[in-house]
Amino acid sequence: MVALLKTFASTTFIAATLSFGVIGIAETKADGPYDTWIHGSTLIGDVKYPPDFERFDYVNPDAPKEGTARLSANGTFDSFNFVIPRGTPSAGLGLIYDTLMTSSFDEVSADYGLVAEALRYPSDYSQVTYRLRENARWHDGVSVTPEDVIFSLNTLKEHNPSQAFYYRNVVSAEKTGEREVTFTFDEVGNRELPHIVGQLLILPKHYWEGTDGEGNPRDVTSGTLEPPLGSGAYRIGEFSAGRSITYQRVDDYWGKDLPVNIGKNNFEEIRYEYYRDETVELEAFKADEYDWRVESTAKNWATAYEIPSVESGWVELETFPEKGRGLMVGFITNMRREKFADPRIRRAINLAYNYEEMNRTIFFEQYERIDSYFYGTELASNGLPTGLELEILESVRDLVPEEVFTVEYTNPLNTDRREQRTNLRQAIALFEETGYGLQDGKMVDPETGEPFTIEYLLNGPSFERVALRLKENLERIGVELSIRSVDSSQYVNRVRARDFDMIYTGWAQSLSPGNEQRDYFGSESAAREGSRNHGGVENPAVDRLIERIVFAKDRDELIAATRAMDRVLLHNNYIIPGWTQSATRVARWDRFGHPDPLPEYSIGFPTVWWWDDEKAANIAAEKTN
């Protein structure tokens, strides 16, 4: 559920496919008796903050509560109901809802009570009980109850296939006390399950089972533009369907004085403006129509901000290091289609792809090539497997390529013409091994005469330069790449329905991977519409390794099992790895203040930033002169 909330609150996401992963869930270190209530938990070591902590260290408790943060979003929206998989929910919906637990930004996978004041669970992790805060309220003043929590879980499981899969091990939720709800699981030893439910976004049962302003029964299974009832720090204010939406801070928000909320939610308003064209979106930023822009295009970062507002200091350009996640993105072929089922075909495409030329000519050499599904973290495989990692891989030896044990995975290099020619020859040879052959410069099936073609589905035109370079690369081995650019809604729908040959997307990975890996790479998710198993990975070895990750007994085993799975995924060539950089590029109008230093694992915008009236006034005065 954290993944879903982050998508709603985020200004950018990978290829608009909702593909960012669930952040690693907390787990208590103690294996004490079931009646031991705890205020927070973590998967790594001990929680940083004690039961009586006053606030997170990285916040400014005296931050002013004023001003508007203006953000942008791509495409459009047609619903305020995030439950159903159809339609496009508006950005920022996570602002109006609370969860049982909430994460700190200066720890790895640490959660503390929000709606819940405490939790407890037995040493076999077979169930978990959350105790709700007595003063938790919906915006209409009604108490948040165990019935709301139970309704939320059941609604998501019944009406959202992705969440039904994610919570499939939760077999029941029951009220076990006046303010207590107990979740029971169908397996033991899964340390994440007690805390996955802590990230459950809570819906108001009485609202969804009531009637709207016209007296019509509400329907949680349908899209709606009626602003829903929430319990969070913001509520929906003004909006223009598909074009803009404003969230207004709730002055009497029930949780504003909780230690986990001190110094947070500082803006009076958070506003999203929608843009269907990325060029228009960039120009709108330059024209001061919104304040904060995460720049995903290397060319823009290198050339588009040579503007007076930067020279005058009104606009700040800054890079923020990424420490809290790993990443894999790249070109994913749809293995549900027979022509992409053979790993040799997928490796051949990687061999033909000239990343070095692309990085030099259109990326301004700003990027690094990704070579792990957990790139940038200690979870990434490297060298050859040894120790516990090797032991784990031996258990699936008969199901994985022998190269997993003998060859370190590397991407092809194209640093000179000799390497390029060698890679192209190898790519053609791999196609020929699978039965294809070159005829008149085209890669064809000799029996049918059908050429090997790929339709590359794009989410808008911003990646067309990349697509055209890849098209040129593949032409050298006789493969025809056609480029199909569609709007965000069409793109999301086609990806959900698996109606594509190739897309560019991926997964953000937490430092504590677990149950979400089933949705990313598990065989059960391959055929399920809307899962994040984009390419259709169906591999019994991967399934076993995912379970080893989920049921890892300690951090060392988790790391070893994750690295083992990483190797198996890489050597099966399920993705043609893309590129990244170890920092987030941000252009922002300098109207804000922020904690110094920022929390280690998050930029924290807009959550812990604030409006700086003096900076804003200076810009306004200078612009009028």
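Residues numbered from 1 in each chain as written. Predicted model: local features only at pLDDT ≥ 70, side-chain atom pairs only at ≥ 80, totals over all residues. Heavy atoms only, no water.

## Some remarks on the sheet that holds strand β5 (residues 116-120)
For step 1, the next point in the chain: Overall, antiparallel pairing links the 4 strands, which are arranged β5-β6-β8-β7 in an open sheet. The open sheet has two free edges, formed respectively by β5 and β7 (170-177), since each of these has just one partner strand. Each strand of the sheet is rotated relative to its neighbour by a mean of 20°, with strand direction disregarded.
For step 2, the next point in the chain: Of the strands in this sheet, β6 (127-132), β7 and β8 (180-185) touch helix α2 (residues 146-159), which is tilted by about 170° from β7. (Pairing = 2+ DSSP bridges. Helix = DSSP H or I, 4+ residues; strand = E, 2+ residues; numbered from the N terminus. Axes fitted to C-alpha atoms, helices over the stretch in contact; angles between N-to-C directions. Contact = heavy atoms within 4.5 Å.)

## Looking at the sheet that holds strand β4 (residues 110-113)
For step 1, the next point in the chain: Reading across from one edge, β1-β4-β3 is the order of the 3 strands in this open sheet, with antiparallel pairing throughout. The open sheet terminates on both sides in strands that have one partner only, identified here as β1 (40-42) and β3 (101-103). Each strand axis lies, on average, 25° off the axis of its neighbour in the sheet, ignoring direction.
For step 2, the next point in the chain: Where β1 and β4 come together, 3 bridges link them in antiparallel fashion. Looking at the pairing, Ser41 lines up with Asp111 of β4.

## Here we look at the nonpolar core
Soluble, globular proteins show a tendency: their nonpolar side chains are buried together.
For step 1, the next point in the chain: One finds Phe331, Tyr373 and Trp579 to be the most contacted residues of the largest nonpolar core, which totals 83 residues.
For step 2, the next point in the chain: Looking at this core, the element that brings in the most residues is helix α19 (residues 555-571), giving 9 residues.
For step 3, the next point in the chain: Residues in contact with Tyr373, not counting those within four places in the same chain, are Leu327, Met328, Trp507, Gln509, Phe521, Asp566, Leu569, Leu570, Tyr574 and Ile575.
For step 4, the next point in the chain: Core analysis: the next-biggest nonpolar cluster, separate from the first, contains 82 residues, Ile38, Ala73, Ala110 and Leu203 among them. (Core = buried A, V, L, I, M, F, W, Y, C linked by side-chain atoms within 4.5 Å. Buried < 20%, exposed > 50% of the residue type's maximum accessible area, 1.4 Å probe, protein only.)

## A look at the environment of Gly263
For step 1, the next point in the chain: Along the chain, Gly263 turns up in the loop between β10 (244-249) and β11 (269-275).
For step 2, the next point in the chain: Residues Gly263 and Ser103, 160 residues apart in the sequence, show an inter-C-alpha distance of 14 Å.
For step 3, the next point in the chain: Discounting residues that sit within four places of it in the chain, Gly263 has contacts with Val59, Asn60, Pro61, Thr607 and Val608.

## A closer look at the packing of aromatic side chains
For step 1, the next point in the chain: Summed over the entire model, instances satisfying the criterion amount to 50 aromatic pairs.
For step 2, the next point in the chain: Seen in terms of ring centroids, Phe56 and Tyr58 are 5.4 Å apart; in terms of plane orientation they differ by 10°. Their pairing is stacked.
For step 3, the next point in the chain: By relative accessible area, Phe56 is classed as buried at 0%.
For step 4, the next point in the chain: Of the aromatic side chains, those joined through ring pairs into one cluster are Phe331, Tyr353, Tyr355, Phe363, Tyr367, Tyr456, Phe463, Tyr504 and Trp579.
For step 5, the next point in the chain: If you follow Arg397 out to its NZ or CZ, it ends over the ring of Phe405, 3.7 Å from the centre. (Phe/Tyr/Trp six-rings, centres within 6.5 Å; stacked < 30°, edge-to-face > 60°. Lys NZ or Arg CZ within 6 Å of the ring centre and 35° of its normal.)

## Concerning the confidence of the model for the chain
For step 1, the next point in the chain: Residue-level pLDDT values for the chain average 92, and 95% of them are 70 or greater.
For step 2, the next point in the chain: Counted against residues more than four places away or in other chains, residues 1-33, with its pLDDT under 50, gives 115 contacts. (pLDDT = per-residue confidence, 0-100.)

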